[in-house]
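Single-letter residue listing:
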Amino acid sequence: MALAVGMRVLTRALHRPWARGLRVAPGRTGPAAGGGDGVRCFGSPRVLVEPDPAAGVAVVKMRNPPVNSFSLEFLTELLISLEKLENDKTFRGIILTSDHPGIFSAGLDLTEMCGRKPEHYMEYWKAVQEMWLRFYLSNLVVIAAINGVSPAGGCLLSLTCDYRVLANNPKYTIGLNETRLGIVAPFWFKDMMVNTVGYRTAERALQLGLLFPPAEALRVGVVDQVVPEDQVQSTARSVMAQWLAIPDHARQLTKTLMRKPTADRLLTERDADIQTFVRFICRDSVQKSLHAYLEKLKQKKG
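Analysis parameters
- Residues numbered from 1 in each chain as written.
- Predicted model: local features only at pLDDT ≥ 70, side-chain atom pairs only at ≥ 80, totals over all residues.
- Heavy atoms only, no water.
- Helix = DSSP H or I, 4+ residues; strand = E, 2+ residues; numbered from the N terminus.
- Contact = heavy atoms within 4.5 Å.
- Polar contact = N/O pair within 3.5 Å; in protein donor to acceptor, adjacent residues only side chain to side chain.
- Phe/Tyr/Trp six-rings, centres within 6.5 Å; stacked < 30°, edge-to-face > 60°.
- Buried < 20%, exposed > 50% of the residue type's maximum accessible area, 1.4 Å probe, protein only.
- Lys NZ or Arg CZ within 6 Å of the ring centre and 35° of its normal.

Participant: What's the story with the environment of D162 in this structure? I'm lost.
Facilitator: Mapped onto the elements of the fold, D162 is located in the loop between α4 (152–159) and β11 (163–167). Between the alpha carbons of D162 and A144 there is a distance of 7.9 Å; along the sequence they are 18 residues apart. If we skip the residues at most four places from it in the chain, D162 touches L140, V141, V142, D224, W243, K255 and R259. Engagement of the side chain of D162 in a polar contact is seen with the side chain of K255, the distance being 3.1 Å.

Participant: So what exactly am I meant to see when it comes to the side chain of S98 here?
Facilitator: As for its position among the elements, S98 is in strand β6 (residues 93–98). Only 2.9 Å separates the side chain of S98 from the side chain of N68, close enough to count as a polar contact. Contacts of S98, omitting those with residues within four sequence positions, involve M62, N68, I103, F104 and N147.

Participant: Explain the packing of aromatic side chains here, please?
Facilitator: In this description, a pair of aromatic rings is defined by centroid distance and the angle of the planes. Per the counting criterion, the structure on display carries seven aromatic pairs. Ring plane angle 5° and centroid distance 5.8 Å describe the contact between F70 and F74, whose orientation is recorded as stacked. For the pair shown, F70 and F74 are each scored as buried. Look at W125 and F277: their rings are 4.0 Å apart centre to centre, the planes differ by 10°, and that puts the pair in the stacked class. Linking W125 in helix α3 (residues 118–136) with F277 in helix α10 (residues 270–281), this pair joins segments that are 152 residues apart in sequence. No difference in accessibility class separates W125 from F277, as the two residues are buried. Every member of this aromatic cluster is reached through a ring pair, and the members are W125, W132, Y136, W188, F189 and F277. Lying over the aromatic face of F42, K84 brings its terminal NZ or CZ to 4.1 Å of the ring centre.

In structure tokens:
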């Protein structure tokens, strides 16, 4: 039954415009986090799912090297994994983390936003919107185990989660730093940041493109807990147990009550938001800024 559900999910996702060219890797059998030997992991080249059926929890690991950036392929594979878990009643919660300690996610893939045609930008932004909507409104308990830096879209993804645990490493900063790259966080980034940290803190953080180190991130409320690096996963599991102690129906309805107005604004203005993004990203000044930043990254790698 689970395999049939997974195949239906995969088929639907692969027919979405932003899923073209995706190849999904078969599952593999091995020890899952908290599970025992012989628990079947599944996923794809860029996302690994380690299920623990006994606990009703799955660990979703991002593995899109070098920095878990949101390429179209990665976004598609991540949503396939989420949808499969949501359709399997065995699972009540997921722990979202990185398979590359030191990097949670660098967020938007700038190569998807530079030197492409407007049609590609439309396709890409729709996929980013879909990722946000699906995680923000998921009926599952979603806990972010942030084991690395989390700027821009990486911060956005973590903010969709119900709870955020950050490793206490001064290098592991988190924040919506889009203005530093010459781009602007759209209204739904802003709305979620305001919901999380309050208006004045969000305004200052967004205008200055602030990246908060762990202690500051905890102080302003970007994350809920800061723990030693080797305790991130165990803490996420302890927190998950607290959330799963609440009856699902009551927690899910409350989550919807809290989050639906914010999500509805994007749903109502989704096409307009895509057009705004495309117009902005096509500006010569924006393309020059992105190109210059990508060139700087290449030089660092060299």
